[in-house]
Amino acid sequence: MFRWRRAGQPTISIPVPDDNADVSSVRGWEVFTRFSREVFISAHPEDGAEFDPILAEFRKDPHGVLRSRQLRPKVGSGVIVQSAIPYVLPLVSLLVGAVAERAANGALDVISDAARRKVTRLLEQRRARPAASATPRNGETDVAAATAIAPTAGLDPDEERALRMLLTGWAAQMRMDEAKARELADTILDVLRQRGEQAP
Amino acid sequence: MTDTAASGPPALSPSPTDSPPTSRHWPGVTSSAGARYLLLVAVLLLAGAFAGQIMHNQILGTSWASATLRCIDEAVRAVPGQGLPQDFARNTYVQECTRPVQQRLALVSLSGSFVVLLLGVASLWVLPRRLMRRAGPLVTAPAEWQHRAALAASEMGVRRVLVVVWGSVWLQEAFTAGRPGRTRIVLPWGVRDLPPAQADAILRHEMAHVAAGDVTLVWLTRGVWWALAPVLLVPAVTIAVQDRYQDHRGPIAVLGTSFWGEYGVRALLLLTVAALVSQHVLRSREHEADLRSLRGRTREPLESLLAGQPSPALSWMDRARATHPTAARRLEAVRQARLPLPVSLLDVTVTGLLSAMVMYAVADLAQAGFTGTSLTGGPAQLLSALVTGSLLSVGWGIAVWRGTPADGGARPFPRGALLALAASMPVGLVAQLQSTGVSGAVPSGRWPLIVTLPLAVAGAGALSSALARLWVRRGGTAPGSRWGWAAALGVNLVLFTGALRIAQESALFLHVTGWRKAVEALALSGMYSASADSTTLGLAGVALFALWLALRGDRTLPVPGAPATAGRYVVWTVAAAAGAAVAARWAYEPVVPQGGSMAATQFDCWAATCAGLATLAALLALKGASGLGDALYAAPLSATLAGAVMWARYLTSWHHPLQAAALYTTNPLSQLALLLLALALPAAFLPTPTHGPARRWVAGLTPVLAAVLAAASVLAVLHSGDSLLFLPPTGTAP
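Residues numbered from 1 in each chain as written. Chains lettered and ligands numbered in written order. Predicted model: local features only at pLDDT ≥ 70, side-chain atom pairs only at ≥ 80, totals over all residues. Heavy atoms only, no water.

## Quick word on the overall build of chain B
A tally of regular secondary structure across chain B gives 24 helices and 4 strands. Looking at chain B as a whole, 54% of its 734 residues are labelled buried. For chain B, the exposed area adds up to about 30500 Å²; of that, 67% sits on carbon and sulfur atoms. (Helix = DSSP H or I, 4+ residues; strand = E, 2+ residues; numbered from the N terminus. Buried < 20%, exposed > 50% of the residue type's maximum accessible area, 1.4 Å probe, protein only. Areas by Shrake-Rupley, 256 points an atom, 1.4 Å probe, with all protein chains shown as cover.)

As structure tokens, then:
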């Protein structure tokens, strides 16, 4: 009778960054961490401090998001208010995995090679500069620091649409609320676009 | 994404949802959801008592049976002979002799309730803690959120300081929980992404639950439900183990008997009904919290939140199991913006069902516990009526009083609800756990009770509704002050307790006399009842309250000859009915073979009763169901007036004039109380006639009608011989 509600178990598989990949590769944790931090802070500006513990948890158990129960107590208000926080890292991981051609679920058929190359280049802008750490210098923002490395072309509207659809679909498979999923997909694309728009 | 850090609580705005005032006094009790929770807890606790009774029978049953048999043998030897006095003396002997074993039975039974209560209360600490742990890790929210909660609390009259905490990132709904005295509001992280007004709407919704006082009741109900299941299993497990090792019988052979089968089915039924009722009350409280949270606020933020929620189509099973109303239903209720919510048929059905279970179980326990004391019999029945009446006075009375709109009493009576109340009580009597193994016959006469109980309780419900309409029509608003609520509770308590007691007594007499002599049974449980004094006091109290309401509205009681007022015809009707009844009584002297002056006195009392009855009938004929409110004070007035005139006729002849005056008051009023209860339900179904321009003529004819009816009914009674008389050897006579 009085139990937490269980939703159906999602079937999606989350590709995780490669521990052995080169630090500057989109396949590694460095680029993933930088990009997901940007997305996280953009989505939850006041919760920046939460990123590191959540990342640590994700590294420990990347598929935890799929097993976690969505908690809706019987004595709850009846108004579902979902937080996007637990979905940021898995969704970014799926995106990074897709461009690194590690994603399954037909993702590779949805986004074109050209789009994948563009996203790869946009992500590569987050990689650490060879002579410097990932931490920006005093007075220099993280974004500015990364942009200074290798400006590149942005995604065109069709490619963005396809990517948005892909991200929203993944989020829905992770039992994310539809509106919230669209919102998070838009945030990811916004963060991605920031580099593209700054390209010549 | 919204920067909530920069935002404060939204300013107060004029509310489009201002609702009728609701009580801040005893919020948990005067809330209809709270009352149903109390009923549910009472039923579950009493089911625990039945488990205790079975345990008693298993462990101490042999000694109880031998003690009872010994007492019966002793009684037969101590009081030989045949006849009513001897039977009475033997019964008294047995009662006194079996007192120790009966009281032991009651105590062991109550220990079952006590265990359920103990586990239920313990769960007030365990269940919320378990929920908090699963919803955590919990982190105290920043000061800004505490400030917002404090603001909402002060607006809703919550004096306690509630701490706001964040749940885990997986938490999707806000909730309020915690051990007693340390309630906390747990918010999901997603609330921080909401616009401030919407976040406040969620906070206020949770605070509204605290303001309604239902948080502890919810947890207590859940705890008692969880506690009852294992307690109900204990007797079955004990007997299975006992027989396994003592008689070497397998559990299937032991538990496969009809008793245990019936016990299992009834226990499952009770737990299922309790679970469904609990879910239903959970849904009701969400509506209450929504509407309460909107007081003094604009409804748009809550509307937007609800509009954004999924509202899937649900099957009836899903709807019954749901803990929340659908978002669409909540949205509809918010837009209707009516607090209190009208009483639904399901609410009333639940109230009736549970009340019947409580009454029977308490009566059973009290009879056992009071055996051999001066409290056995009537007082035990009165106790069960009082307990059940208290629950009904809140579950029906207060809910209906709060739900009666201040529309001048123009809306029809809650007829569907009255029928639901009447229909659910027999179901409760038949389906209760305590009926296990006694489906064939019950000493107190269950089948008559199945007829009298619904009629009397629904009658009390109709009279309660009539008083509520009188209240809002004359007073303008629902009871708002502490005294107003106390008066409303008190008058409902009197109505329902009286109705239950009269129903019990009528059932007993019907069981004795049989249906063919139903009129005798009604006279024995009315005018000639041992409880006539208390019934008269109850009716007098209700009548005075109704009269006060009538005076409160018009400020002056219209008297004959005074300028035309809305209530002038009522006074004329009272006077005409009383006058005609007295005149008919004096004009015709019946021939009665025995009884003499005692018979004359009883005929006088019946004539006074007829005056009251004629007043009731005339007012109902004039105003339909709406006349019930005025009849509540006019009919007793008429009966009292007629009785006083007939008593005054022999003023110089009475040896004990005060005793005679009491007799001339209590006899007619106690009979009238029974008749009012019996007729109130059908009266509530009368249409309200619209007389148009002829209204004054029709109103003028009402006293004439009352007089004709009074005279005719008095003559009919006088002509009926001694069929309505009860002539004991001695009595008060002129």
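Having seen it, we continue.
## Focus on the overall build of chain A
Along the backbone of chain A there are 9 helices and 0 strands. Counted from the first residue to the last, chain A has its helices and strands arranged as α-α-α-α-α-α-α-α-α. For chain A, buried positions account for 52% of its 200 residues. Partitioning the intrachain contacts of chain A with sequence separation of at least 6 by distance along the chain shows that 76% fall at a separation of at least 24. A total accessible area of about 8900 Å² is found for chain A, and carbon and sulfur atoms account for 49% of it. (Contact = heavy atoms within 4.5 Å.)

## Some points on the sheet that holds strand S3 (residues 175-177) of chain B
Residue and element names in this part refer to chain B. An order of S1-S2-S4-S3 is seen for the 4 strands of this open sheet, with the pairing classed as mixed. With one partner strand each, in any of the chains shown, strand S1 (139-140) and S3 form the two edges of the open sheet. Across the sheet, helix H6 (residues 196-212) is in contact with strand S2 (163-166), S3 and strand S4 (184-187); its angle to S4 comes to roughly 150°. (Pairing = 2+ DSSP bridges. Axes fitted to C-alpha atoms, helices over the stretch in contact; angles between N-to-C directions.)

## Observations regarding the interface of chain B and chain A
On the side of chain A, 34 residues touch chain B, which itself brings 41 residues to the contact. Carbon and sulfur atoms supply 59% of the area that chain B and chain A bury against each other, a total of about 3600 Å² over both sides. Across the contact surface, chain B and chain A share 1 salt bridge. With its nearest N and O atoms 3.4 Å apart, the salt bridge here joins A:Lys180 to B:Asp193. Counting across the chain B and chain A interface gives 8 residue pairs in polar contact (both at pLDDT 80 or more). When residues of the side of chain B that touches chain A are traced back to their parent elements, those giving at least two are helix H4 (99-135), H6, helix H7 (215-246), helix H9 (258-293) and helix H10 (300-307) of chain B. Considering every element that reaches the side of chain B that touches chain A, the biggest residue donor is H9(B), with 6 residues. Split into classes, the residues belonging to the side of chain B that touches chain A amount to 22 nonpolar, 10 polar and 9 charged. (Buried area = accessible area lost by both parts, 1.4 Å probe. Salt bridge = Lys/Arg side-chain N within 4 Å of Asp/Glu carboxyl O. Polar contact = N/O pair within 3.5 Å; in protein donor to acceptor, adjacent residues only side chain to side chain. Nonpolar A, V, L, I, M, F, W, Y, C, P; charged D, E, K, R; others polar.)

## Section: the state of the cysteines
Residues and elements named next belong to chain B. Counted according to the given criterion, the structure contains 1 disulfide over all chains. At a sulfur-sulfur separation of 1.9 Å, the disulfide partner of Cys71 is Cys97. Residues Cys71 and Cys97 are joined by a disulfide whose S-S torsion is about -70°; by sign, that bridge is left-handed. Taken together, the residues Cys71 in helix H2 (residues 32-78) and Cys97 in helix H3 (residues 84-97) connect sequence positions 26 residues apart. Assigned by exposure class, Cys71 and Cys97 land together as buried. No disulfide involves Cys610; its sulfur sits 11 Å from that of Cys605, the nearest cysteine. We classify Cys610 as buried; its relative accessible area is 6%. (Disulfide = S-S within 2.5 Å.)

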